[in-house]
Amino acid sequence: MDRRTFVKRGLLGGGLLALVGGGALFLRRGAYTLQPPEPLKVLDETTFCVLVAAARRIALADDALALRLARDVDEALTYGNPVAAQDFVKVLYLLENGLLGLFFRLSPALFTEMSPADQDRALNAWRDSRITLLKGAYHGLRRLVLGAYYTNLRRAKETGYPGPLFDKPAPPAIVETEPLSPPYVVQPPVEVVAPAAPDEKTAPGEAPAKGTP
Amino acid sequence: MTALPKVPGVIEGQTLKGDLEVSVDVCIIGSGPGGASAALAFAAAGKRVLVVEEGGYFTKTRFRMREDEAYTNLYQDGGQRTTKDLAISIYQGKAVGGGSVINWTTCFRLPEHVLEHWAHKHQARGFTHNDIVPHYERIEKRLSITKVDEASVNPNNRLLLDGCRALDLEVDTINRNVLGCAQTGACGLGCPIDAKQSMLVSLLPDAMDRGATVLSRCRVDRLHFKGDKVSHLSGVLLGATGREPTGATIEVKADRFILSAGAIGSPGILLRSKAPDPSGMTGRRSFLHPVSICAGLFPEPVHGYHGAPQSVASHHFAERGGKDVGFFLEAAPVSPGLVSTAVPGYGKAHRAVMKMLPFVGGHIAITIDGFHDDVPGGTVELDPRGRPLLNYTAAPRTLAAMRAGHKTLAKLQLEMGAKEVHTLHQPLRVVRSQKDIAALDDAPYGPGEVFMASAHQMGGCMMSDDPNKGVVRSEDLRHHAVTNLHILDGSVFPTSLGVNPQETIYGIMGLIAARLAA
Ligand SMILES: Cc1cc2nc3c(=O)[nH]c(=O)nc-3n(C[C@H](O)[C@H](O)[C@H](O)COP(=O)(O)OP(=O)(O)OC[C@H]3O[C@@H](n4cnc5c(N)ncnc54)[C@H](O)[C@@H]3O)c2cc1C
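Trainee: Which residues make up the overall build of chain B, and what are the values?
Mentor: When helices and strands are counted, chain B shows 12 helices and 24 strands. Computed over its C-alpha atoms, the radius of gyration of chain B comes to 22 Å, within 12% of the 24 Å expected for a compact globule of 518 residues. Considered along the principal axes of its C-alpha atoms, chain B spans approximately 65 × 50 × 45 Å. Considering chain B as a whole, with its 518 residues, one finds that 68% of them fall into the buried category.

Structure (structure tokens):
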């Protein structure tokens, strides 16, 4: 892309981003009929479907897994910065956006309605874009989906990773108003003395006297 | 308003009902290395101490070496924090114990020349290396900081050790703060057996045994000022997952406030509070030790996800002289989730690299930012919801150091028998020969063109004895314009350190806390 085209497209892209940011969507709507496995927390039905479509390509996921990954990303977003999460929703609208596609991919098709090859082309257009924002959006999308895929222990094992060195029982589920851990038991303060030399052969769980519950 | 139960130990914020009003001698914001050092000193001096911490009270029963649990529970923004331009992934702790709960246990004392640089260049002359030494010695004893025996390094670190030796680079095993380490490789996920001597199992319990209270899941919103003092702070209590406020608020009055919310967190609170800022330096000079990574594919399994993640380091290139930014070499754990987000691409190409995971050696070049006038660091800003956001663009000299780091690591990995080396560029760069290493001179280093990360955030509230240049003065890390506010954490450093930061924080904050509590 030469400099003039880049500037032209860049300005246009920037304008569209601003429009999406302002809520006015130049968006022909698709069908968006996929059902999330659980109620959505950050995404809406449109962006959920866009994410499912992206997850199919990014993680080579079948339909069931793509739904699961999109749900996991939705959950992960609740732990992130809320402003960044809202920006991510806008990013998914942008990816779906036909008008933007017309300028960046020379195709007005909706992302969710494209062939897999065209979806890859759309992702690659962002990847190779000289607009930092789009490049960043591509990496953000990619990392969230791949992170959701590979932080799952069962799927991580597909890489040959054998899993943790030993098993630990699952702790009680986290309940919003309940303690996370048993209370700390205060001990009479002792003068801090030099700890014993580490014993390489210490078995898991036998470690230090002063630990957490 | 209700009072906080007067008990030493940990009170989990999510279990409390109703708005709270608390009055103590010393209120400490943040429970990482800086905050825990302060808590122990003041509690030992008989002060009523309250530590407020946004993160949750997670202990070893919840540390199961699982990435899906650890990042959401123990990392800022669930592990998704980045710089404003999305170009640099920022890993930072959020838990009782702060970053010490998830760090990789590497310990170094601060090189003396860094302290000299701060004194000359930034007028930070309030303590000398000799002042800090007793505090290094104390923490080295307490945290069992000992040198790794060469026989116990894992294959990933062994590649670095032998590779440096083969290239004639200065290299050694490092010190770690562990006691009875079982080599799980899960330091970054919370130690499952409390072998890591994090703040969770050391200084915080020591402080609680002396009467301190830690209130978890309490996010400080802002400090309030009256005259030249902080009158009180206000904050909210959060649910157990830390995502939503419970609706309960808290107000803490104290004679003295210690801000230890970490680089990014501490300047964020000052900005949100509209704290006086005579030097205009609040949020400025933030440093990251930005990291470039080489993933080498070796013919034999490396199993870089098990064993101590870091046990070897080379500071051969730390001082490159002239205008060149230095860097140092270490290993990184090859955990599947972490690696998956760093490897470029997606679909088949990405999967093919991931399938090689057991054979991947992961080594990093950590660039030393902040020592040159044209490497001024980044700026902490507030996002529309008042959360801190780091605006950091790596300076050209820093990028040049990252390139040099890539070239060194690629050479080292090839020397050690790697069939190919991935520099995590987009478009993909695969190094198989000396010619490919030379070709890295043309590789792009713009935002999004290469994977960059940081686990060492520093600065943002820099110390200087000149009130026009720094946020705090160095002798007691007191805010220049707020007489009962001290900042004790990694945010006060005027530059990055050139070594992994935790022991410097224990040393300097231990010294200053002892001075304040005396
Ligand atoms: C993955 C990883 C690996 C690392 N490995 C190493 C290593 O091997 N060696 C080494 O030396 N260093 C390492 N580090 C860095 C080291 O852990 C940090 O430099 C150190 O923890 C910083 O200490 P601190 O006290 O400045 O801040 P932190 O440890 O960041 O503590 C600040 C605390 O303040 C809390 N806080 C923030 N805002 C608020 C608020 N508004 N209200 C209440 N609480 C708040 C945070 O939740 C946090 O717990 C690593 C870091 C990471 C993330």
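Let us keep going from here.
Trainee: Explain helix H2 (residues 45–58) of chain A to me, using residue names and the numbers behind them.
Mentor: Residues and elements named next belong to chain A. Over its 14 residues, H2 extends 20 Å from the first C-alpha to the last, a length consistent with the 20 Å expected when each residue adds 1.5 Å. Burial of H2 is extensive: 12 of the 14 residues sit out of reach of the surface. Every buried residue of H2 is accounted for by Thr-46, Thr-47, Phe-48, Cys-49, Val-50, Leu-51, Val-52, Ala-53, Ala-54, Ala-55, Arg-57 and Ile-58. Where H2 begins, the capping side chain belongs to Asp-44, and its oxygen is found 3.2 Å from the backbone nitrogen of Thr-46. Residue Leu-60 follows H2 closely and has a positive phi angle near 50°.

Trainee: Would you mind going over the environment of Arg-121 of chain A in detail, with residue names and values included?
Mentor: Residues and elements named next belong to chain A. Tracing the backbone shows Arg-121 in helix H6 (residues 116–127). Overall, Arg-121 belongs to the exposed group, its relative accessible area being 52%. Sequence spacing of Arg-121 and Pro-172 is 51 residues, and the spatial spacing of their C-alpha atoms is 45 Å. A polar contact of 2.7 Å, which involves the side chain of Arg-121, links it to the side chain of Asp-118.

Trainee: Go over the site of the ligand, please, and point to the residues and values.
Mentor: All names here are of chain B. Taken together, 40 residues are adjacent to the ligand, and Glu-53, Gly-99, Thr-106, Gly-490 and Gln-502 come closest. One of the backbone N or O atoms of Ala-95 is found 3.3 Å from an oxygen atom in the ligand. Thr-106 is positioned with one of its backbone polar atoms (N or O) 2.8 Å from a nitrogen atom of the ligand. With the chains in place, 96% of the 1,000 Å² that the ligand exposes on its own is no longer accessible. Mapped by element, the contributors of at least two residues to the shell around the ligand are helix H1 (33–44), strand E10 (218–226), helix H7 (265–272) and helix H12 (502–517). Tallied by class, the residues present in the shell around the ligand amount to 15 nonpolar, 19 polar and six charged.

Trainee: Describe the sheet that holds strand E5 (residues 106–107) of chain B, listing the residues and the values that go with them.
Mentor: All names here are of chain B. Strand order across the open sheet formed by three strands is E5-E8-E6, with antiparallel pairing between neighbours. Strands at the two margins of the open sheet, each flanked by one partner only, are E5 and strand E6 (145–147). With three bridges joining them, E6 and strand E8 (residues 175–177) adopt antiparallel strand pairing. Opposite Thr-146, over in E8, you have Arg-176 as the bridge partner.

Trainee: Tell me what's going on with the domain arrangement of chain B, and back it up with residues and numbers.
Mentor: Residue and element names in this part refer to chain B. In terms of domain boundaries, chain B breaks down into domain 1 (2–82 + 91–146 + 188–259 + 274–279 + 462–517) and domain 2 (148–175 + 286–454). If you look at the interface, domain 1 gives 23 residues, while domain 2 gives 30 residues. Both sides of the domain 1 and domain 2 interface together cover about 2,200 Å² of buried area, and 52% of this is carbon and sulfur. Considering only the side of domain 1, the residues that lose the most area to domain 2 are Tyr-91, Trp-104 and Ser-496, jointly responsible for 29% of the buried surface there. Counting across the interface, domain 1 meets domain 2 through one salt bridge. Two residues, Asp-373 and Lys-121, come together in a salt bridge whose shortest N-O distance is 2.8 Å. Viewed at the interface, domain 2 and domain 1 are joined by 13 residue pairs in polar contact (both at pLDDT 80 or more). For the side of domain 1 that touches domain 2, the element with the most residues is helix H3 (residues 112–122), which contributes four residues. A per-class count over the side of domain 1 that touches domain 2 returns 10 nonpolar, nine polar and four charged.

Trainee: Give me the lowdown on the state of the cysteines, citing residues and values where you can.
Mentor: Residues and elements named next belong to chain B. Within the structure shown, the criterion is met by zero disulfides over all chains. Between Cys-191, a cysteine without a disulfide, and Cys-187, which holds the nearest cysteine sulfur, the sulfur-to-sulfur distance is 6.6 Å. There is no disulfide at Cys-294, and the cysteine sulfur nearest it, in Cys-164, is 13 Å away.

Trainee: Can you explain the packing of aromatic side chains? Please cite residues and give values.
Mentor: Residue and element names in this part refer to chain B. Counted by the stated rule, this structure contains six aromatic pairs over all chains. Taking 5.2 Å as the distance between ring centres and 80° as the angle between the ring planes, the aromatic pair formed by Tyr-71 and Tyr-75 counts as edge-to-face. On the accessibility criterion, Tyr-71 (13% relative accessible area) is buried.

Trainee: Give me the packing of helix H3 (residues 63–77) of chain A against helix H7 (residues 132–150) of chain A: which residues, what numbers.
Mentor: Residue and element names in this part refer to chain A. Where H3 meets H7, the axes come as close as 9 Å, and the angle between the chain directions of the two elements is 105°. Classified by the angle between their axes, H3 and H7 sit roughly perpendicular to one another. In this structure, H3 uses Leu-65, Leu-69, Asp-72, Val-73 and Leu-77 to contact H7, whose residues at the interface are Leu-144, Val-145, Ala-148 and Tyr-149. Of the residues belonging to the contact of H3 with H7, the class tally is eight nonpolar, no polar and one charged.

Definitions and cut-offs
- Each chain carries its own residue numbering, running from 1 in the written order of its sequence.
- Note on labels: chains are lettered from A, ligands numbered from 1, in written order.
- It should be noted that, the model being predicted, local features are given only for residues of pLDDT at least 70 and side-chain atom pairs only at 80 or more, the latter also being counted only at that level, while totals for whole chains, interfaces and linings use all residues.
- Excluded from the side-chain calculations are hydrogens and water; all other atoms, namely the structure's heavy atoms, are used.
- In this text, helices come from DSSP runs of H or I with a minimum length of four residues, and strands from runs of E with a minimum of two, each type numbered from the N-terminal end.
- For a compact globule the rule gives 2.2 Å times the number of residues to the power 0.38, and the radius of gyration it is set against comes from C-alpha atoms.
- Three exposure classes are used, based on accessible area relative to the maximum for each residue type with a 1.4 Å probe and protein chains only: buried under 20%, partly exposed in between, and exposed over 50%.
- Between the first and last residue of a helix there are one fewer steps than residues, each counted as 1.5 Å, and that sum is the expected span.
- Here a polar contact means two N or O atoms within 3.5 Å. Within protein one must be a hydrogen donor candidate and the other an acceptor candidate, and residues neighboring in sequence count only if both atoms are side-chain atoms.
- Nearness here has a simple test: a residue counts as near a molecule or strand if at least one of its heavy atoms is within 4 Å of that partner.
- Every accessible area reported is derived by Shrake-Rupley at a probe size of 1.4 Å, with residue values counting cover from the shown protein chains alone.
- By the convention adopted, Pro, Cys, Tyr, Trp, Phe, Met, Ile, Leu, Val and Ala count as nonpolar, Lys, Arg, Asp and Glu as charged, and the other residues, Gly among them, as polar.
- A pair of strands counts as paired when DSSP detects no fewer than two bridges linking them.
- The split of the chain into domains comes from an automatic or database domain assignment.
- Contacts: residue pairs with any heavy atoms within 4.5 Å of one another.
- Accessible surface is computed with a 1.4 Å probe, and the buried area is the amount of it that two parts give up when combined, taken over both parts together.
- Here a salt bridge means any side-chain nitrogen of Lys or Arg lying within 4 Å of a carboxyl oxygen belonging to Asp or Glu.
- Cysteine sulfurs are considered disulfide-paired once they come within 2.5 Å of each other.
- A pair of aromatic rings is counted whenever rings of Phe, Tyr or Trp (Trp by its six-membered ring) have centres within 6.5 Å, and the orientation is called stacked for planes under 30 degrees apart, edge-to-face for over 60 and tilted otherwise.
- To obtain an axis, a line is fitted to C-alpha atoms, over the contacting stretch when the element is a helix, and the angle between two such axes runs from 0 to 180 degrees between their N-to-C directions.
- Working rule for angles: under 35 degrees goes down as roughly parallel, over 145 as roughly antiparallel, 65 to 115 as roughly perpendicular, anything else as oblique.

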